[in-house]
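# A structural walkthrough
Spelled out, the chains give:
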Amino acid sequence: MKTISEIKAEFEAAPAASSPELYARYASDTRGGVQKLIEQYRKKEAALEAEKSRIEQMKVYEHKYEHLGYLCGIDEVGRGPLAGPVVACAVILPKDCGILYLNDSKKLSAKKREELYDVIMEQAVAVGLGMAGPARIDEINILQATYEAMRQAVGELKVKPQLLLNDAVTIPGITIPQVPIIKGDAKSVSIAAASIVAKVTRDRMMTEYHKVMPEYGFDSNKGYGAAAHIEAIRKYGPSPIHRRTFIKNFCNCSVQDCAFTAQSVRKR
């Protein structure tokens, strides 16, 4: 008689198609450990099927417009923070894309986003990134800066898409047809993929900024208005990557003050 460990190894090595055969083979094994093992794998199998079904539902727009050719999902991250850039991403996934667990990046753990980032970058037909820094955001406002970053992202694509699937917005200044989708990052695999790549890209940038300016806690707050972050602005003044138009209620510093702060931060 096989040990429970040996049976577990058999389940691990077996392809999904042979699961029913394994369930039947060990159904009469009265050992509690074996029955628990079977139940665990049944639940895992059911969860996988549920995820495949969820992902298929997120391909509604991709299936609707697939006859047009390459479809590109577009999303951004960083419209609300007090510091750092707004980052936009454009992603063209293959028609037969089988990536699971794609979703609105905010609904995923940092670890899961990192894992999916690598898969997306490996399997995507094309990926384009665009961004607008704090100075540009202050100059033209966050909405226009977001549009600018999105146009940059589309311009960086190595393959020209025939249709853009956007998260909620219609991007001005682009001749490619667009379909704005409310909460698109939770309804379209293409937009979800763009959301994840944009989020990981920006988070990595903020972590690097933290190494130079640890006073603000950018590694944890990513530039958003956490209480400790606001207190740091009041204590140290704005850093070179703070958006002056966003922090005017917390700091009355002038442009010259910001330049002075930039120099002092670099010396610390």
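Details of the structure are given in the entry above.
Residues numbered from 1 in each chain as written. Predicted model: local features only at pLDDT ≥ 70, side-chain atom pairs only at ≥ 80, totals over all residues. Heavy atoms only, no water.

### Let's talk about the side chain of K59
Inspection of the secondary structure puts K59 in the loop between α3 (32-57) and α4 (60-65). There is no salt bridge for the buried K59, and the closest opposite charge comes from E56, which lies 4.3 Å off by N-O distance. Within the local environment of K59, its side chain forms a polar contact with the backbone oxygen of C97, the two atoms lying 2.6 Å apart. Those residues in contact with K59 that lie beyond four places of it in its chain are C97 and V189. (Helix = DSSP H or I, 4+ residues; strand = E, 2+ residues; numbered from the N terminus. Buried < 20%, exposed > 50% of the residue type's maximum accessible area, 1.4 Å probe, protein only. Lys, Arg positive; Asp, Glu negative; His and termini not counted. Salt bridge = Lys/Arg side-chain N within 4 Å of Asp/Glu carboxyl O. Polar contact = N/O pair within 3.5 Å; in protein donor to acceptor, adjacent residues only side chain to side chain. Contact = heavy atoms within 4.5 Å.)

### Brief notes about the pairing of strand β2 (residues 86-92)
Judged by how many residues are buried, β2 sits mostly within the fold: 7 of 7 residues are covered. On β2, burial covers both faces: V86, A88, A90 and I92 on one face and V87, C89 and V91 on the other are all buried. With 5 bridges connecting them, strand β1 (residues 71-77) and β2 associate as antiparallel partners. Counterpart to G73 in the pairing with β2 is V91. (Pairing = 2+ DSSP bridges.)

### Here's the deal with the environment of L102
Secondary-structure assignment places L102 in the loop between β2 and α5 (110-123). Its relative accessible area of 0% is what places L102 among the buried residues. Spatially, the C-alpha atoms of L102 and Y117 are 9.9 Å apart, while their sequence positions differ by 15 residues. Ignoring sequence-local partners within four residues, the contact set of L102 consists of E51, R54, I55, M58, L93, L116, I120, V189, A192, A193 and I196.

### A closer look at the packing of helix α1 (residues 4-13) against helix α2 (residues 19-26)
What describes two packed helices is the angle between their axes and the distance between those same axes. At a minimum axis separation of 10 Å, α1 and α2 run at an interaxial angle of 160°. In terms of orientation, α1 lies roughly antiparallel with respect to α2. Crossing of α1 over α2 shows right-handed handedness. Residues I7, E10 and F11 of α1 pack against L22, Y23, R25 and Y26 of α2. (Axes fitted to C-alpha atoms, helices over the stretch in contact; angles between N-to-C directions. Parallel < 35°, antiparallel > 145°, perpendicular 65-115°, else oblique. Left-handed = near helix turned anticlockwise from the far one by under 90°.)

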